[in-house]
Amino acid sequence: MKTFASLLLAGTVLATGALAQDAAPEIRMDQALHDRLPEAVKTAGKMISVNNGSFPPYEIVEGDHMTGASADLTDALEKLLGVEIEHETVGGLPALLTGVNSGRYQFAFGPIGDFKSREEANDFVDWVQEYVVFAVKAGNPKGIVSLDTACGTRISVMAGGSAERVINAQSDKCVADGKDAVTVQSYTDQPSSILAVRSNRADAFFSSQAPLTYFVSQANGQLELSGVGEKNGFDSLYQGAVVPKGSDLGPVLLDAIKELQANGTYAAIMKKWGLENNMLAQPGINLGGVIPK
């Protein structure tokens, strides 16, 4: 795990250095946005953004330090809103959502998958368009190119995420069709999930395309993407920041993201981390659909 983390950080340094010329513009506090923040936030002068561990290239957590596209964007939000933003890590997505909903954390910048069922307890400020694919060993020895070809294989997923639900449903379908079930391996973080594939404990990692593209780029030719262009059990996917249901913070974050888009900061940061294909032209609140059954 330490070696893998070192590879991630090395890749981050290379990416940051190579793309330094695309630095985001200078940002100054927007007083109107600051004044709209919840009173408790203005009084404290800070907010806590919670994450559930490394989710490259958005969140790369090393100890108590976080880098990545989400870290860069929250740094920009910190300047724009005029309050400090601290980062805390919890174990798994359920703990993250519960922590935000209970008020222990003001928000999770994510991006986190937005689905109608999750909107019952939380609001989502969507700023990413996403897709779900497989990361497999180079040459794709198990021939995993879609959900239907996953029967009888070992698939790692993030615990509590929508991909876990989809792959479990696919396993049931495999059995109903007279095929072998999928062996589903659930992990609390992305590095452990991808490491399972690299160490031959899993045949594929089923997850969001953006982080998988990053992991593949750092794998020295050992991994490749598969299932790109397939629906893989999902329709249009949106991801974003999470706030408590009905929180005044949601509309403020939405307008702040719009301002970062207008001044070029959003595009500069997304391109810096190779996320051009995941940029959302128009952010919004609760754009998500239904999690596949």
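Model, not experiment: these values are computed from the prediction.

Colleague: What should I look at first to understand the overall build of the chain in this one?
Modeller: The helix and strand tally for the chain stands at 10 helices and 13 strands. Computed over the C-alpha atoms, the radius of gyration of the chain is 19 Å, within 12% of the 19 Å expected from 2.2 N^0.38 for a compact globule of 293 residues. Based on the C-alpha atoms only, the size of the chain along its principal axes is roughly 60 × 40 × 30 Å. Taken across its 293 residues, the chain has 53% of its residues classed as buried. For the chain, contacts bridging at least 24 residues in sequence account for 78% of all contacts bridging at least 6. In the chain, the 23 positive side-chain charges and the 34 negative ones have mean positions that sit 4 Å from each other.

Colleague: Explanation requested: the sheet that holds strand β12 (residues 237-244) in the structure shown.
Modeller: In a beta sheet, neighbouring strands pair by backbone hydrogen bonds and run either parallel or antiparallel. With respect to topology, four strands assemble into an open sheet ordered β5-β12-β6-β13, the strand pairing being antiparallel. The open sheet terminates on both sides in strands that have one partner only, identified here as β5 (108-113) and β13 (279-285). Across the sheet, the mean angle separating the axes of adjacent strands is 25° when strand polarity is ignored. Sheet topology note: the strand β6 (residues 122-130)/β12 ladder contains eight bridges and is antiparallel.

Colleague: Sorry if this is basic, but what is going on with the confidence of the model for the chain here?
Modeller: The predicted structure's coordinates, where accompanied by low pLDDT, should not be read in detail. Across the chain, the average pLDDT comes to 89, with 91% of residues at 70 or higher. Helix α1 (residues 2-18) is the least confidently modelled element of the chain, averaging 39 in pLDDT, while helix α9 (residues 249-262) averages 98, the highest of any element.

Colleague: What am I meant to see in the nonpolar core here?
Modeller: Within soluble globular proteins, side chains that are nonpolar tend to cluster in buried spots. Membership of the largest hydrophobic core comes to 38 residues, with the highest contact counts inside it found for Leu81, Trp127 and Leu253. In terms of residue count, α9 provides more of this core than any other element does, seven residues in total. In terms of nonpolar packing, the next biggest core, distinct from the first, is built from 19 residues, Phe115, Val136, Ala150 and Val166 among them.

Colleague: Explain the state of the cysteines here, please?
Modeller: Note: disulfide means a covalent bond formed between the sulfur atoms of two cysteine side chains. Going through the model one piece at a time under the given rule, you end up with one disulfide. Across the disulfide from Cys151 sits Cys174; the S-S distance is 2.0 Å. Taking the torsion about the sulfur-sulfur bond, which here is approximately -80°, the covalent link between Cys151 and Cys174 counts as left-handed. Of this pair, Cys151 sits in the loop between β7 (132-137) and β8 (154-158) while Cys174 is found in helix α6 (residues 162-176), placing the two residues 23 residues apart along the sequence.

Colleague: I would appreciate a short explanation of the pattern of salt bridges in the present structure.
Modeller: Side chains that carry opposite charge are capable of pairing whenever their charged atoms lie near each other. Inspection of the entire model under this criterion finds 11 salt bridges. Taken together, the shared-partner salt bridges connect Asp148, Lys173 and Asp177 into one network.

Colleague: Would you explain the side chain of Asn286 in this entry?
Modeller: With respect to the element layout, Asn286 can be found in the segment after β13. Residue Asn286 is classed as buried on the basis of its relative accessible area of 18%. At 3.1 Å, the side chain of Asn286 and the side chain of Asp123 are in polar contact. Excluding residues that lie within four positions of it along the chain, Asn286 makes contacts with Asp114, Lys116, Glu119, Asn122, Asp123, Phe124, Asp126 and Lys245.

Colleague: How should the environment of Val228 be read in this particular structure?
Modeller: Topologically, Val228 is positioned in the loop between β11 (223-226) and β12. Judged by its relative accessible area of 47%, Val228 falls in the partly exposed class. When residues no more than four places from it in sequence are discounted, the contact partners of Val228 are Val133 and Gln209.

Colleague: What should I look at first to understand the sheet that holds β8 in this one?
Modeller: Spatial ordering of the open sheet is given by β9-β8-β10-β7-β11, a layout of five strands whose pairing is mixed. At either end of the open sheet lies a strand with only one pairing partner, and these are β9 (183-187) and β11. Ignoring strand direction, the axes of neighbouring strands in this sheet form an average angle of 30°. Packing against the sheet, α6 makes contact with β8, β9 and β10 (204-208), and its axis sits at approximately 150° to β8.

Colleague: I keep staring at the packing of aromatic side chains and nothing clicks. Help me out?
Modeller: Both the distance between ring centres and the angle between the ring planes are used here to describe each pair of aromatic rings. One pass over the structure, following the stated rule, counts seven aromatic pairs. Considering the side-chain rings of Phe109 and Trp127, the 4.6 Å spacing of their centres and the 20° angle between planes classify their relative orientation as stacked. Here the residue Phe109 occupies a position in strand β5, and Trp127 occupies one in strand β6, the gap between them amounting to 18 residues. Classification of Phe109 as buried rests on a relative accessible area of 3%. With centroids separated by 6.5 Å and ring planes inclined at 40°, the aromatic side chains of Phe115 and Phe234 adopt a geometry described as tilted. Here Phe115, found in the loop between β5 and β6, pairs with Phe234, found in the loop between β11 and β12; they are 119 residues apart in sequence, far enough to count as distant. Residue Phe115 is classed as buried on the basis of its relative accessible area, which comes to 4%. Here the aromatic residues Phe55, Tyr58, Phe109 and Trp127 are joined through ring pairs into a cluster of three or more.

Criteria and thresholds
Residue positions are given per chain, counted from 1 along the sequence in the order it is written. Local features in this predicted model are restricted to residues of pLDDT 70 or higher, and side-chain atom pairs are both shown and tallied only at a pLDDT of 80 or more, whereas totals for entire chains, interfaces and linings draw on every residue. Calculation of side-chain values draws on the structure's entire complement of heavy atoms; hydrogens and water are dropped beforehand. In this description a helix means any DSSP run of H or I spanning at least four residues, a strand means any run of E spanning at least two, and both kinds are numbered starting from the N terminus. As defined in this context, the radius of gyration uses C-alpha atoms, and a globule is described by 2.2 Å times the residue total to the power 0.38. In this scheme, a residue with accessible area under 20% of its type's maximum is buried, one over 50% is exposed, and one in between is partly exposed, where area comes from a 1.4 Å probe on protein chains only. In what follows, a contact means two residues having at least one pair of non-hydrogen atoms within 4.5 Å. Asp and Glu are treated as the negative residues and Lys and Arg as the positive ones, with His and the ends of the chain left uncounted. The location of each charge is read from NZ of Lys, CZ of Arg, CG of Asp or CD of Glu. In this scheme, strands are said to pair when DSSP sees at least two bridges between them. To obtain an axis, a line is fitted to C-alpha atoms, over the contacting stretch when the element is a helix, and the angle between two such axes runs from 0 to 180 degrees between their N-to-C directions. Scored between 0 and 100, pLDDT is the confidence that the predictor attaches to each residue. The criterion is simple. A nonpolar core is a set of buried Ala, Val, Leu, Ile, Met, Phe, Trp, Tyr and Cys residues joined through side-chain atoms within 4.5 Å. The definition used for a disulfide is geometric: two cysteine sulfur atoms within 2.5 Å. Salt bridge, as used here, is a side-chain nitrogen of Lys or Arg placed within 4 Å of a carboxyl oxygen of Asp or Glu. Think of a polar contact as two N or O atoms within 3.5 Å of one another; within protein, one of them needs to be a possible hydrogen donor and the other a possible acceptor, and neighboring residues in sequence only count if both atoms come from side chains. Any Phe, Tyr or Trp ring, taking Trp's six-membered ring, that has another such ring centre within 6.5 Å forms a pair; planes under 30 degrees apart are called stacked, those over 60 apart edge-to-face, and the others tilted.

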